[in-house]
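Below, each chain spelled out in residue letters.
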Amino acid sequence: MLHSRIHPIKFITKHGCCVYVKRDDELGFGISGSKLRKYQSLIPYIKQQSIKYAVLIGGAYSNNIAGLAQLLVENNVVPYLFLRGDQVPLYQGNFLLTSLLVPTEQINWVRRENWKYVDAQAEAFLYTLPQPSLLIPEGACMLEALPGSLSLGEDIVRNECEHELLFDHIFIEAGTGLAAIGLILGLRKLKRDSQIHILLLAINEAEFLEKLGGFYKHLVQSLDEDLSWEEIRKGLYFYMPTTAASFGATNQKVFKTIIDIARQDGILTDPIYTSKLFLEAQKIILTTPAITGNILLIHGGGGLGLMGYQQELEKQLRKEKLIK
Ligand SMILES: *Cc1c(COP(=O)(O)O)cnc(C)c1O
């Protein structure tokens, strides 16, 4: 099972609270920690089914596509990509990395106005490929990635035992939602009732709960013990970002946060997911008196995303007069 460490951070300080970070970012360099957990069950499934071709859906700068492409190539699976975009975007960040891994002939561009049809288009393309082949939805948010995702909850319980503490509150961000769903189901399966705070970056609360319900149903069917929906649903709190709110958006505040966290805690965060989580968690913790005790922030990785924002980061360093 994948194991990452926890340690205290200084970026968020509040009387009566001990704030820790879980370093899932340290699980891999080329692949984000939260993605590695998903692939721990997805890749064995792909091998077991002898899958030779995979069709992946996502944004041009997706962590999932840049990450999963590595493991597919390694395992002799040919990846075909359906990427969102009206034209080929700049060769930087994750898209540059993806282009190192996947030939351009295997990339299909889907215009934004047609994005609602992408699943149907990708599925139609899948049937033109020799079988067995597999459709991998955005964020690899699929049943085959659930067992791996559950390990986040199990690993936190291991951190709790090692450090002889219990986390009262855990903060995580959601893109397609599976990483957070793995955390929730993994913890509740082990009868841990920590309050879980979810920052919704690319999904709304209703969609998230519907997905959670679907994965929950699948999980209880494979479990001997019972796990009620009430146990799952209790103690979940949802938030929307208050700055650079739309998915993928960035602004000066985000870049300032990246620098602050780096200077105070020596941790690199990315502008799309983890710096937003730290920033919003700070706001929520400082403005909610009921949040006290041991608090854990999940750092799910995504550091390579920084590659796409070099100019912005340099500009921010200059603006804060940290460089001349
Ligand atoms: C992919 C990713 C997410 C989103 O995960 P989902 O399972 O799609 O919600 C969050 N944080 C980081 C760092 C990621 O790489």
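Every value quoted in this text rests on a predicted model; they were computed, and no experiment measured them.

**Here's the deal with the domain arrangement of the protein chain**
Consideration 1: The domains assigned to the protein chain are domain 1 (6–32 + 144–323) and domain 2 (35–142).
Consideration 2: Placing the centre of domain 1 and that of domain 2 at their C-alpha centroids yields a distance of 25 Å.
Consideration 3: Each side of the interface is counted separately: domain 1 has 27 residues, and domain 2 has 23 residues.
Consideration 4: Interface area, domain 1 with domain 2, both sides summed: about 2,000 Å², of which 61% is carbon and sulfur.
Consideration 5: Counting every contact that joins domain 1 to domain 2 gives two salt bridges.
Consideration 6: Asp 155 is the partner of Arg 37 in a salt bridge, and the nearest nitrogen-oxygen pair spans 2.9 Å.

**Quick word on the site of the ligand**
Consideration 1: For the ligand, the set of nearby residues contains 16 residues, the closest of which are Lys 35, Lys 38, Glu 173, Gly 175 and Thr 176.
Consideration 2: Here an oxygen atom of the ligand and a backbone polar atom of Gly 177 are 2.7 Å apart.
Consideration 3: Burial of the ligand by the protein chains amounts to 97% of its free accessible area of 390 Å².
Consideration 4: Those elements that provide at least two residues to the shell around the ligand are helix H1 (33–48), strand S7 (169–174) and helix H6 (178–189).
Consideration 5: When residues in the shell around the ligand are grouped by element, the largest group, three residues, is from H1.
Consideration 6: When its residues are assigned to classes, the shell around the ligand shows four nonpolar, nine polar and three charged.
Consideration 7: Domain assignment of the residues forming the shell around the ligand places at least three in each of domain 1 (6–32 + 144–323) and domain 2 (35–142).

**What to know about the environment of Thr 128**
Consideration 1: With respect to the element layout, Thr 128 can be found in the loop between helix H4 (118–126) and strand S6 (133–136).
Consideration 2: Of the polar contacts made by the side chain of Thr 128, one reaches the backbone oxygen of Phe 125; its length is 2.6 Å.

**A word on the packing of helix H2 (residues 63–74) against helix H3 (residues 93–101)**
Helices that pack against each other are described as a pair by the angle of their axes relative to one another and the distance between those axes.
Consideration 1: At a minimum axis separation of 9 Å, H2 and H3 run at an interaxial angle of 20°. What the angle tells us is that H2 and H3 run roughly parallel. Between H2 and H3 lies a crossing whose hand is left-handed. The segment H2 lies against H3, with Asn 63, Ile 65, Ala 66, Ala 69, Gln 70 and Val 73 engaging Asn 94, Thr 98 and Leu 101.
Consideration 2: Broken down by class, the residue content of the contact of H2 with H3 amounts to five nonpolar, four polar and no charged.

**Some thoughts on the layout of surface pockets**
Over the atoms, a rolling probe the size of a water molecule traces out where space has been left empty.
Consideration 1: In this structure, the second largest pocket spans a volume of roughly 300 Å³.
Consideration 2: Around the second largest pocket, the lining is made up of 20 residues, and of these Gly 28, Phe 29, Gly 302, Gly 303 and Leu 304 lie nearest the centre.
Consideration 3: Ranked by the residues each element gives to the lining of the second largest pocket, the list is headed by H2, at three residues.
Consideration 4: Here the lining of the second largest pocket is built from residues that sort into seven nonpolar, 11 polar and two charged.
Consideration 5: Three or more residues apiece are contributed to the lining of the second largest pocket by two domains, here domain 1 (6–32 + 144–323) and domain 2 (35–142).

**Re the pattern of salt bridges**
Consideration 1: Considering all chains together, one arrives at 16 salt bridges under this definition.
Consideration 2: A salt bridge links Arg 5 to Glu 26; the shortest N-O distance between them is 2.8 Å. Placement of the pair is Arg 5 in the segment before strand S1 (6–8) and Glu 26 in the loop between strand S2 (17–23) and H1, with a sequence separation of 21 residues.
Consideration 3: Take Glu 26: its relative accessible area is 42%, and that puts it in the partly exposed class.
Consideration 4: Salt-bridge contacts for Glu 314 lead to Arg 318; the nearest nitrogen and oxygen are separated by 2.6 Å. Of this pair, Glu 314 and Arg 318 both sit in helix H11 (residues 310–319), four residues apart, which is roughly one turn of that helix.
Consideration 5: For Glu 314, a relative accessible area of 39% gives the class partly exposed.
Consideration 6: For Arg 318, a relative accessible area of 39% gives the class partly exposed.
Consideration 7: A network of salt bridges, in which partner residues are shared, links Arg 5, Arg 23, Asp 25 and Glu 26.

**Here's the deal with the packing of helix H9 (residues 252–265) against H11**
Consideration 1: Direction vectors running N to C along H9 and H11 enclose 75°, while the axes themselves pass 10 Å from each other. With respect to H11, the axis of H9 lies roughly perpendicular. For the pair formed by H9 and H11, the contact residues are Gln 252, Phe 255, Lys 256, Ile 258, Ile 259 and Arg 263 on the first element and Glu 312, Leu 313, Gln 316, Leu 317 and Lys 319 on the second.
Consideration 2: Looking at the contact of H9 with H11 residue by residue, the classes come out as five nonpolar, two polar and four charged.

**Description of the sheet that holds strand S9 (residues 236–239)**
Consideration 1: On the basis of which strands lie adjacent, the open sheet formed by six strands has the order S1-S2-S10-S7-S8-S9 and mixed pairing. If you trace the sheet from one side to the other, it starts and ends with S1 and S9, each paired once. Averaged over all pairs of adjacent strands, the angle between their axes in this sheet comes to 25°, without regard to strand direction.
Consideration 2: Bridge count for strand S8 (residues 195–200) against S9 is four bridges, and the pairing is parallel. In the sheet register, His 197 faces S9, and the bridge partner there is Tyr 237.

What counts, and where the lines are drawn
Residues numbered from 1 in each chain as written. Predicted model: local features only at pLDDT ≥ 70, side-chain atom pairs only at ≥ 80, totals over all residues. Heavy atoms only, no water. Domains from an automatic or database assignment. Contact = heavy atoms within 4.5 Å. Buried area = accessible area lost by both parts, 1.4 Å probe. Salt bridge = Lys/Arg side-chain N within 4 Å of Asp/Glu carboxyl O. Near = heavy atom within 4 Å. Polar contact = N/O pair within 3.5 Å; in protein donor to acceptor, adjacent residues only side chain to side chain. Areas by Shrake-Rupley, 256 points an atom, 1.4 Å probe, with all protein chains shown as cover. Helix = DSSP H or I, 4+ residues; strand = E, 2+ residues; numbered from the N terminus. Nonpolar A, V, L, I, M, F, W, Y, C, P; charged D, E, K, R; others polar. Axes fitted to C-alpha atoms, helices over the stretch in contact; angles between N-to-C directions. Parallel < 35°, antiparallel > 145°, perpendicular 65-115°, else oblique. Left-handed = near helix turned anticlockwise from the far one by under 90°. 1 Å grid on protein atoms, 1.4 Å probe; cavity = no way out; pocket = protein on both sides within 12 Å on 5 of 7 lines; lining within 4 Å. Points joined across faces, edges and corners; volume = space filled by probe spheres on them. Buried < 20%, exposed > 50% of the residue type's maximum accessible area, 1.4 Å probe, protein only. Pairing = 2+ DSSP bridges.

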